[in-house]
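# Results of the structural survey
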Amino acid sequence: PAPVRLADVVPAPQQVEPDAAEDWLLPPDAVIVASADPAALTVAAHLAELLRPATGYPLPVTDTTRPASAGGIALALTDDDSLGAEGYRLAVTRAGVTITAVTATGLFYGAQTLRQLLPPAIESPVPITERWMLPGGTITDAPRFPYRGAMLDVARHFFAVEDVLRVVDHLARYKLNHLHLHLTDDQGWRIAVDSWPKLTTVGGATEVGGGPGGHYTKADYLRIVSYAAAHHVTVVPEIDLPGHTNSALVAYPELAPDKVAPPPYTGTEVGFSYVDPTDERTYDFIADVLGEVAALTPGPWLHIGGDEAFKVKGEVYTGFVERTQRIVADTGKIVVGWHQLAPAAHVDGRVLQWWGTNGADPGTLEAVRRGARLILSPGNHAYLDMKYDPDTPVGHDWAGLIDVRRAYDWDPGSHVTGVPDAAVLGVEAPLWTESVTSLAEIEFMLLPRLPAIAELGWSSPATHDWAGFRDRLAGHGPRWATAGITFHRAPEVPWP
Ligand SMILES: CC1=[NH+][C@H]2[C@@H](O1)O[C@H](CO)[C@@H](O)[C@@H]2O
């Protein structure tokens, strides 16, 4: 395969200065030297874990307090704050590699870039003979938006912790930093709540199609949160309210408007269920649930859904949302919700996740004028549950077909009419799972479109170019294949 070039990295780096005179061959005795800082050493250990299997090299990790050793890979914290909280500088010279950053997160992103600069064989889980060449030169890089994420719907179909951890790996590979977990819906409640145990014992016991469903214990959720944190990914839990709540009503009929338990729902319709917005008991429920989920969640965000509550209208809906927003604030978290929350009063820091398909929305624009920021998830560009083409075996097509180009060819900063770039917090690619039932199907829908969304979240509009992106992406097919990751060989990408 053609040697990897600095400019091949996905997402496209901010600044690339190749220098072929400085190409470097990773030697078997290479050492990884990190700043004597626990977080930097953790990144160094992560990098060693990435490089050891395929190279078979020992790649010992040490820190700068010990005597300098053979040529190697240095991970150095710096106070050069021109790089920002997530930026890094990566230099390859004949003496070795140096990654500098202000934070461990920046070092981690430099490590992801370094991984991509090695030949695709670096993804092999077992030692493979290869010249571990690195292209000489310097990359200076930093993200455009602070929020770059994906959403996994674990309610329609339940996915084991291990599957969620693999999704975290795919996010980290492309410098995405948020994982939104859609934890509750009509078909299943997936997060244990001590004060309302039947939410999972009853509400978690099925899923679309009638399978056994499942749920995360608090220990499971903490495993996901800590693995995500080790990959510099923040978990955003969603408790969808007031709609999409059939599973909670099955468990606790007192929450239902008619106080009668509906049958468990294993279909794929939306908009028919809601918790009783006129009953004080509902707000006890919400305060208990959000309190327990917030206590388990280190990140600042708590997502309360708000979508498709078709039977809760006008003042009743905005009154419900305003009370729920206040409950979120009482937990110390910042509220996120689908853009249907817009008519409800603004609260500090509120973020609306926009999933429209027509580039304009007066209500959302008004909410932005009152201080809301947006996460862009346009249904017709970022909804990765949409089919690539009519033959895609799983997924939807209500927002149209989304091939790789459609996932790439839009600009989050100017997508919603009237919303200024400064009001855009970032992007997120939702994957709804009504028809997705395995990790392989998750990977098939995410790859190769997730890197497109990742590039829109990270890279400058100045480097936005479909032909260039398509060619860079082509080089990642062999990486996924070598790593045993399922992906769609989209015909619009010139795979090698
Ligand atoms: C925010 C939102 N609510 C709906 C909509 O997105 O479409 C999804 C399928 O694409 C569906 O699963 C979800 O319940």
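So, here's what we can say about the structure.

Cut-offs applied
Residues numbered from 1 in each chain as written. Predicted model: local features only at pLDDT ≥ 70, side-chain atom pairs only at ≥ 80, totals over all residues. Heavy atoms only, no water. Helix = DSSP H or I, 4+ residues; strand = E, 2+ residues; numbered from the N terminus. Rg over C-alpha atoms; globule rule 2.2 N^0.38 Å. Buried < 20%, exposed > 50% of the residue type's maximum accessible area, 1.4 Å probe, protein only. Areas by Shrake-Rupley, 256 points an atom, 1.4 Å probe, with all protein chains shown as cover. Lys, Arg positive; Asp, Glu negative; His and termini not counted. Charge placed at Lys NZ, Arg CZ, Asp CG, Glu CD. Near = heavy atom within 4 Å. Polar contact = N/O pair within 3.5 Å; in protein donor to acceptor, adjacent residues only side chain to side chain. Nonpolar A, V, L, I, M, F, W, Y, C, P; charged D, E, K, R; others polar. Contact = heavy atoms within 4.5 Å. Phe/Tyr/Trp six-rings, centres within 6.5 Å; stacked < 30°, edge-to-face > 60°. Lys NZ or Arg CZ within 6 Å of the ring centre and 35° of its normal. Salt bridge = Lys/Arg side-chain N within 4 Å of Asp/Glu carboxyl O. Pairing = 2+ DSSP bridges. Axes fitted to C-alpha atoms, helices over the stretch in contact; angles between N-to-C directions. Core = buried A, V, L, I, M, F, W, Y, C linked by side-chain atoms within 4.5 Å.

Bringing the overall build of the chain into the picture now. Broken down by element type, the chain carries 14 helices and 19 strands. Taking 496 residues into account, the globule formula puts the C-alpha radius of gyration at 23 Å, and the chain, at 23 Å, falls close to it. Counting only C-alpha atoms, the chain reaches 75 × 45 × 40 Å along its principal axes. Across the 496 residues in the chain, those meeting the buried criterion constitute 58%. For the chain, the computed accessible surface area is about 17500 Å², with 57% contributed by carbon and sulfur atoms. For the chain, the separation between the mean place of its 36 positive charges and that of its 60 negative charges on side chains is 2 Å.

Our focus in this paragraph is the site of the ligand. Among the 14 residues in the neighbourhood of the ligand, the closest are listed as R156, D307, D385, W398 and E434. Here an oxygen atom of the ligand and a side-chain polar atom of R156 are 2.8 Å apart. Residue E434 places a side-chain N or O atom 2.5 Å away from an oxygen atom belonging to the ligand. When the free accessible area of the ligand is taken as 340 Å², the share hidden by the protein chains comes to 96%. The residue inventory of the shell around the ligand, partitioned by class, reads 7 nonpolar, 2 polar and 5 charged.

This part takes up the side chain of E292. Within the element layout of this structure, E292 appears in helix α7 (residues 280–296). Overall, E292 belongs to the buried group, its relative accessible area being 15%. Of note is the side chain of E292, whose polar atom sits 2.7 Å from the side chain of K218. Setting aside residues up to four positions removed in sequence, E292 forms contacts with V193, D194, S195 and K218.

Going through the model one piece at a time under the given rule, you end up with 22 aromatic pairs. Look at Y265 and F272: their rings are 4.7 Å apart centre to centre, the planes differ by 65°, and that puts the pair in the edge-to-face class. Its relative accessible area of 26% is what places F272 among the partly exposed residues. Where Y383 meets W398, the ring centres are 5.8 Å apart and the plane angle is 90°; that geometry is what we call edge-to-face. Placement of Y383 in the loop between β18 (373–376) and α10 (404–408) and of W398 in the loop between β18 and α10 is noted, with a sequence separation of 15 residues between them. When its relative accessible area of 3% is taken as the criterion, Y383 is described as buried. Taken together, the aromatic side chains of W338, W355, Y383, W398 and W432 make up a single cluster linked through ring pairs. Over the ring of W458 we find K175; its NZ or CZ atom is 5.6 Å from the centre of that ring. Over the aromatic face of Y283 sits the side chain of R323, whose NZ or CZ is 3.8 Å from the ring centroid.

In total, this model carries 25 salt bridges according to the counting rule given. In this structure, K218 and E292 form a salt bridge, with 2.7 Å as the shortest nitrogen-oxygen distance. Of this pair, K218 sits in helix α5 (residues 218–230) while E292 sits in helix α7, and the two are 74 residues apart along the sequence. What you see here is one network of salt bridges that share partners, running through D153, R156, D185 and E434.

This paragraph deals with the sheet that holds strand β6 (residues 88–93). Pairing is mixed across the open sheet formed by 7 strands, whose spatial order is β1-β9-β6-β7-β5-β3-β4. Two strands bound the open sheet, and with one partner strand each, they are β1 (15–18) and β4 (61–63). Neighbouring strand axes in the sheet, compared pairwise and without regard to direction, differ in orientation by 15° on average. Pairing of strand β3 (residues 31–34) with β4 involves 3 bridges; the strand directions are parallel. Of the residues in β4, the one forming a bridge with A34 is D63.

Below, the discussion takes up the nonpolar core. Counting residues in each nonpolar core, the largest one holds 111 residues, and the members touching the most others are L181, W189, I191, L199, Y216 and F285. In terms of residue count, the dominant contributor to this core is α7 (8 residues). Counting 41 residues, the second largest nonpolar core, distinct from the first, contains L6, I32, L51 and I139.

Glancing now at unusual backbone geometry. Of the consecutive residues V10 and P11, the connecting peptide bond is found in the cis state with omega at 0°. Among the secondary structure elements, P11 is positioned in the segment before β1. A positive phi angle, near 60°, is found at H232, a position not held by glycine. Checked against the element boundaries, H232 lands in the loop between α5 and β14 (234–241). What makes H232 buried here is its relative accessible area of 19%. Non-glycine residue E308 carries a positive phi angle of around 55°. Inspection of the secondary structure assignment puts E308 in the loop between β15 (301–305) and α8 (314–330). Taking the relative accessible area as the measure of exposure, E308 reaches 17% and is therefore buried.

Right, let's talk about the pairing of β14 for a bit. Across the 8 residues of β14, 7 count as buried, placing the element largely inside the fold. For strand β11 (residues 178–182) and β14, the ladder comprises 5 bridges, and the chain directions are parallel. Bridging from a neighbouring strand, H180 pairs with V236 of β14. Summarising the sheet, β14 and β15 pair through 2 bridges and their orientation is parallel. The partner of L241 across the bridge, within β15, is G305.

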